[in-house]
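Overview (structure and organization)
So you can see what is in the structure, the chains are spelled out below.
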Amino acid sequence: MLKERVETALNQQINMELQAYYTYLAASAYFEERSLKGFAQWMYHHAQEEMVHAMKIYHFVHSRRGHVVLTAIAAPKQDWQSADDVVGDALEHEQKVTASIDAIVKLARSEGDYATDSFLQWFVDEQVEEEEIVDDLLQKLNLIGDFRPGLYLLDRELAGGAPAEEEESAT
Ligand code: OFO
């Protein structure tokens, strides 16, 4: 059985993961509307990962005979100034998620709930990867700066279409 405080924290985390789903989906729409298909695809794929995260916790709460409480998901930010503005916000979001996961691990340990502690280790590791990939994308955007062809090439890279490969296959 889950302790009440742990159950509440896990339900809040489900909401946070769903919020992340919504946030990445809004980012995907932003890029889609600007014909940056590679970025749109990357954000869409990430949104789906967030749904998987939410469902992992959902199933865990049930497996511990807990009660899932679904609460309202706030409307995400839907307008940004630039690609690096979008990705900067995503990194900030991931850092908040990391802090939230860490806080639940701490709570689970203080409650002597080692099953939840063990379950959350997957998320602890996942957050290292999440922060790294988003930060990596942000670093590339910072490198590109205002050089628009660079943005175009990065978009191609994210879409999985490397120009050099296409040239090779065309010859
Ligand atoms: Fe669920 O990891 Fe990103 O937010």
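Described below are features of the structure shown in this document. The structure displayed is predicted, hence computed values, not measured ones.

Cut-off values and rules
- Residues numbered from 1 in each chain as written.
- Predicted model: local features only at pLDDT ≥ 70, side-chain atom pairs only at ≥ 80, totals over all residues.
- Heavy atoms only, no water.
- Helix = DSSP H or I, 4+ residues; strand = E, 2+ residues; numbered from the N terminus.
- Buried < 20%, exposed > 50% of the residue type's maximum accessible area, 1.4 Å probe, protein only.
- Areas by Shrake-Rupley, 256 points an atom, 1.4 Å probe, with all protein chains shown as cover.
- Lys, Arg positive; Asp, Glu negative; His and termini not counted.
- Charge placed at Lys NZ, Arg CZ, Asp CG, Glu CD.
- Core = buried A, V, L, I, M, F, W, Y, C linked by side-chain atoms within 4.5 Å.
- Contact = heavy atoms within 4.5 Å.
- Salt bridge = Lys/Arg side-chain N within 4 Å of Asp/Glu carboxyl O.
- Phe/Tyr/Trp six-rings, centres within 6.5 Å; stacked < 30°, edge-to-face > 60°.
- Axes fitted to C-alpha atoms, helices over the stretch in contact; angles between N-to-C directions.
- Parallel < 35°, antiparallel > 145°, perpendicular 65-115°, else oblique.
- Left-handed = near helix turned anticlockwise from the far one by under 90°.
- Nonpolar A, V, L, I, M, F, W, Y, C, P; charged D, E, K, R; others polar.
- Arc of directions from axis to C-beta.

Looking at the overall build of the protein
- Counting its secondary structure elements, the protein contains 6 helices and 0 strands.
- Tracing the protein from N to C terminus, the helices and strands come up as α-α-α-α-α-α.
- Oriented by its inertia axes, the alpha-carbon framework of the protein measures out at about 65 × 30 × 25 Å.
- Out of the 171 residues belonging to the protein, those deemed buried represent 42%.
- Within the structure as shown, the protein displays about 9800 Å² of accessible surface, and the carbon and sulfur contribution to it stands at 53%.
- Side chains of the protein carry 14 positive and 32 negative charges; the gap between the two charge centres is 7 Å.

Observations regarding the nonpolar core
- Of all hydrophobic cores here, the largest spans 24 residues; its most connected members are Phe31, Phe39 and Met43.
- Every element with two or more residues in this core is listed here: helix H1 (4-32), helix H2 (37-63), helix H3 (83-110), helix H4 (114-144) and helix H5 (148-158).
- Contact partners of Phe31, with chain neighbours within four places excluded, come to Leu36, Phe39, Ala40, Met43, Ala83 and Val86.
- The next biggest cluster of nonpolar side chains, apart from the first, holds 19 residues, and it includes Ala9, Leu10, Ile14 and Val61.

Regarding the pattern of salt bridges
- For the structure on display, the rule yields 9 salt bridges.
- Where Asp79 meets Arg34, a salt bridge forms, and the shortest distance between an N and an O atom there is 4.0 Å. A residue pair is termed long-range when its members are at least 10 positions apart, and Asp79 in the loop between H2 and H3 and Arg34 in the loop between H1 and H2 qualify at 45 residues.
- Here the salt bridges share partners, and the residues they tie into one network are Lys3, Arg5 and Glu111.

Considering the packing of aromatic side chains
- Summed over the entire model, instances satisfying the criterion amount to 6 aromatic pairs.
- With a centroid separation of 5.2 Å and an interplanar angle of 80°, the aromatic rings of Tyr30 and Phe31 are classed as edge-to-face.
- For Tyr30, a relative accessible area of 5% translates into the label buried.
- Overall, Phe31 belongs to the buried group, its relative accessible area being 0%.

Observations regarding the environment of Ile104
- Here Ile104 shows up in helix H3.
- Counting along the chain gives 12 residues from Ile104 to Thr116, while the straight-line C-alpha distance between them is 8.7 Å.
- Excluding its chain neighbours within four sequence positions, the residues that come into contact with Ile104 are Ala9, Leu10, Gln13 and Leu120.

Quick notes on the packing of H2 against H5
- Where H2 contacts H5, the axes come no closer than 7 Å and their chain directions differ by 45°. One element, H2, and the other, H5, form an angle in the oblique class. Considering the relative orientation of H2 and H5, their crossing is left-handed. Contacts between H2 and H5 pair Lys37, Gly38, Phe39, Gln41 and Trp42 from the former with Leu151, Leu154, Asp155 and Leu158 from the latter.
- Among the residues forming the contact of H2 with H5, the class breakdown is 5 nonpolar, 2 polar and 2 charged.

Let's talk about the packing of H1 against H4
- At a closest axis distance of 14 Å, the pairing of H1 and H4 adopts a crossing angle of 25°. In terms of axis orientation, H1 runs roughly parallel to H4. Pair H1 / H4 crosses with left-handed handedness. Contact residues: Val6, Leu10, Glu17 and Tyr24 in H1; Thr116, Leu120, Phe123 and Val134 in H4.
- Across the contact of H1 with H4, the residue classes break down as 6 nonpolar, 1 polar and 1 charged.

Focus on H5
- Gly150, Leu154, Asp155 and Leu158 are the residues of H5 that are buried. Down the axis of H5, the smallest arc covering the buried residues is 140°, so these residues share one side.
- In this structure, the buried residues of H5 make contact with H2 and H4.
- Taken from the residues just after H5, Gly160 is the one with a positive phi, measuring 85°.

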